[in-house]
Number of protein chains: 2
Amino acid sequence: MAILTKRAQICDEALEAVAHMPTRSLPTLMGGEFGSSLSDADFMRIAVLLAQKSYQEGGCPIGAVIVDNLTKSIVGKGHNTLVQEDHPYNHGETSAIRDAGRIDFSKTTLYTSLSPCDVCATLLYMRGFSKVVVGDVTNASGNESLLQEKGVEVEILEDSVGIAQYAKFREEKPDQDLEDWQGVSAVKNSRVL
Amino acid sequence: MAILTKRAQICDEALEAVAHMPTRSLPTLMGGEFGSSLSDADFMRIAVLLAQKSYQEGGCPIGAVIVDNLTKSIVGKGHNTLVQEDHPYNHGETSAIRDAGRIDFSKTTLYTSLSPCDVCATLLYMRGFSKVVVGDVTNASGNESLLQEKGVEVEILEDSVGIAQYAKFREEKPDQDLEDWQGVSAVKNSRVL
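All values derive from a computational prediction rather than experimental measurement.

K.L.:
Help me understand the overall build of chain A, please; the structure alone is not making it clear to me.
P.N.:
Within chain A, the secondary structure is distributed over 9 helices and 5 strands. When the elements of chain A are put in sequence order from the N terminus, they spell out α-α-α-β-β-α-β-α-β-α-β-α-α-α. Taking 193 residues into account, the globule formula puts the C-alpha radius of gyration at 16 Å, and chain A, at 16 Å, falls close to it. On the principal axes, the C-alpha backbone points of chain A span a range of 60 × 35 × 25 Å. Residues classed as buried in chain A amount to 56% of the 193 residues present. Of the contacts made within chain A by residues no fewer than 6 positions apart, 58% connect residues no fewer than 24 positions apart. Here chain A has roughly 8000 Å² of accessible surface; of this, 52% comes from carbon and sulfur atoms.

Structure representation (structure tokens):
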């Protein structure tokens, strides 16, 4: 029996626990009416709370959640680990896809707290995602049209908490932000200019 | 003192041990004249032997090696782990980049046993690689021009052992080959058609 079963329990504290719980252990935490009542905005907030977890670890605040279109269950989630794992390209999307494993992504929707980079956008259409929901096109954008051209449905559903969190991070750590997008060489080049 | 120190020791058996040794432990295995004498074709063969390791594990035979342009030392290597890690996108290139960590890839060359997919090609130019050497444009090709357009030097250096190995794999496991490129949904669609 899960702890979170009622619709009325949906709140930021509950969604934060969902964000932190390993995906395969989620049935111990949530189920019933709670699980079936989660909205698009709730899934996006879980992605934002994963981003917050990463920020608290000293990393880049970007998170993502993958949801089964039919059952609405979370099948993968994760956050950027550039700093935490010394990982040159693990963004929110790649982290969530890695967590999901070898499933049919055409039956799923990915919620990302920040507009996808070129690599992640390419991965999203190459793995056949049916839909991508983007939570922040204020701090970054540009690949939404690429995804649409490749047949992926795109929805913009901005989350103000996530937008403020990313803007704060970028102001605090501009080099880390740039490295996460274009690598160490881009940071060096920006210093030369 | 390393075991492999002389140029005369360069042979497939020695390169196979190099392929299998964890990157950070390579100084226990190789050095001196052996290390400084490795040619482009030798680095490519190491990538092919990493691909062979993956094949022997039941995985996709694709490997990659990243070499520092100045010192010619191996700074990252790896192979596809679709099967071994239930990993939906870990190709030879992503595996080697992950292994290298947060370094300046503009000072390095990546040797890949098979022509890069769309995702890996995008990652290669987004991380600013100076050069990519491709060992097989017979079984797959197409993104060499994209890399060149983005300023990455591309060299084709086909390895007949790697080409034969990949052709054998594709004949034995066509679905695994397709999933590795375009995901589970592409395999399902290919069965419907």
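K.L.:
Please explain the interface of chain B and chain A as it appears in this structure.
P.N.:
Many analyses report the size of an interface as the accessible area lost when the parts associate. In this assembly, 35 residues from chain B lie in contact with 35 residues from chain A. Both sides of the chain B and chain A interface together cover about 3100 Å² of buried area, and 56% of this is carbon and sulfur. Among the residues of chain B in contact with chain A, B:Tyr89, B:Arg102 and B:Arg127 are the three that bury the most area, contributing 26% of the side total. Counting every contact that joins chain B to chain A gives 4 salt bridges. A salt bridge links B:Lys188 to A:Asp104, with the shortest nitrogen-to-oxygen separation between them at 3.0 Å. Where chain B meets chain A, there are 17 residue pairs in polar contact (both at pLDDT 80 or more). Those elements that provide at least two residues to the side of chain B that touches chain A are helix 4 (92-100), helix 5 (118-126), helix 8 (174-182) and helix 9 (184-192) of chain B. The element best represented in the side of chain B that touches chain A is helix 5 of chain B, accounting for 6 residues.

K.L.:
Sorry, what's going on with the relation of the copies chain B and chain A here?
P.N.:
A rotation about an axis combined with a shift along that same axis relates the two copies of the chain. Between the two copies, chain B and chain A, the superposition gives an RMSD of 0.0 Å; the rotation angle is 180 degrees and the shift along the axis is 0.0 Å. Put plainly, the chains are arranged around a two-fold axis. Within chain B, B:Val119 has its C-alpha nearest the rotation axis, a separation of 2.9 Å. Take the interface residues of chain B: 100% of them recur as interface residues in chain A, which is what a same-surface contact looks like.

K.L.:
Any chance you could explain the UniProt feature "domain: CMP/dCMP-type deaminase" (unreviewed entry) in chain A here in plain terms?
P.N.:
According to UniProt, the positions carrying the feature "domain: CMP/dCMP-type deaminase" (unreviewed entry) are residues 38-154 of chain A. As annotated, residues 38-154 of chain A comprises 35% helix and 20% strand, and the C-alpha atoms at either end are separated by 19 Å.

K.L.:
Help me understand the pattern of salt bridges in this model?
P.N.:
Should the charged atoms of two oppositely charged side chains come close, the side chains can pair. The tally for this structure, following the rule as stated, stands at 22 salt bridges over all chains. The partner of A:Arg102 in a salt bridge is B:Glu179, and the shortest N-O contact between them spans 2.8 Å. With one member in each of two chains, A:Arg102 in the loop between helix 4 (92-100) and strand 3 (108-112) and B:Glu179 in helix 8 form a pair that bridges those chains. Residue classification places A:Arg102 among the partly exposed positions, given a relative accessible area of 31%. Of the charged contacts in the structure, one is a salt bridge between B:Asp175 and B:Arg191, with a shortest N-O distance of 2.7 Å. Pair noted here: B:Asp175 is in helix 8 and B:Arg191 is in helix 9, with a separation of 16 residues, a long-range link. In the salt-bridge network here, residues are joined through shared partners; they are A:Asp12, A:Arg45 and A:Asp159.

Cut-offs applied
- Throughout, a residue's number is its position along its own chain's written sequence, starting from 1.
- Ligands are numbered from 1 and chains lettered from A, in the order in which they are written.
- Only residues with pLDDT of at least 70 get local features here, since the model is predicted, and only at 80 or more are side-chain atom pairs given and counted; chain-wide, interface and lining totals rely on the full set of residues.
- Side-chain measures were taken over the full set of non-hydrogen atoms in the model, leaving aside hydrogen atoms and water.
- Numbering of helices and strands starts at the N terminus; helices are DSSP runs of H or I of at least 4 residues and strands are runs of E of at least 2.
- Just to be clear, the radius of gyration here is over C-alpha atoms, and the globule rule we use is 2.2 Å times residues to the power 0.38.
- Note on exposure labels: buried denotes an accessible area under 20% of the residue type's maximum, exposed denotes more than 50%, and partly exposed covers the range between, all computed with a 1.4 Å probe on protein chains only.
- Pairs of residues are marked as contacts when any of their non-hydrogen atoms sit within 4.5 Å.
- Working definition of accessibility: Shrake-Rupley area with a 1.4 Å probe, residue cover restricted to the visible protein chains.
- Using a 1.4 Å probe, buried area is obtained as the accessible area two parts lose upon being combined, added over both of them.
- Only one rule defines a salt bridge in this text: a Lys or Arg side-chain nitrogen within 4 Å of an Asp or Glu carboxyl oxygen.
- Residues adjacent in sequence count toward polar contacts only when both atoms are side-chain atoms; beyond that, a polar contact is any pair of N or O atoms within 3.5 Å, and within protein one must be able to donate a hydrogen and the other to accept it.
- The copies were overlaid with a least-squares fit restricted to C-alpha atoms from residues scoring a pLDDT of at least 70 in each copy.
- UniProt positions are given in the numbering used here, feature names are shortened, and annotations may be inferred rather than shown by experiment.

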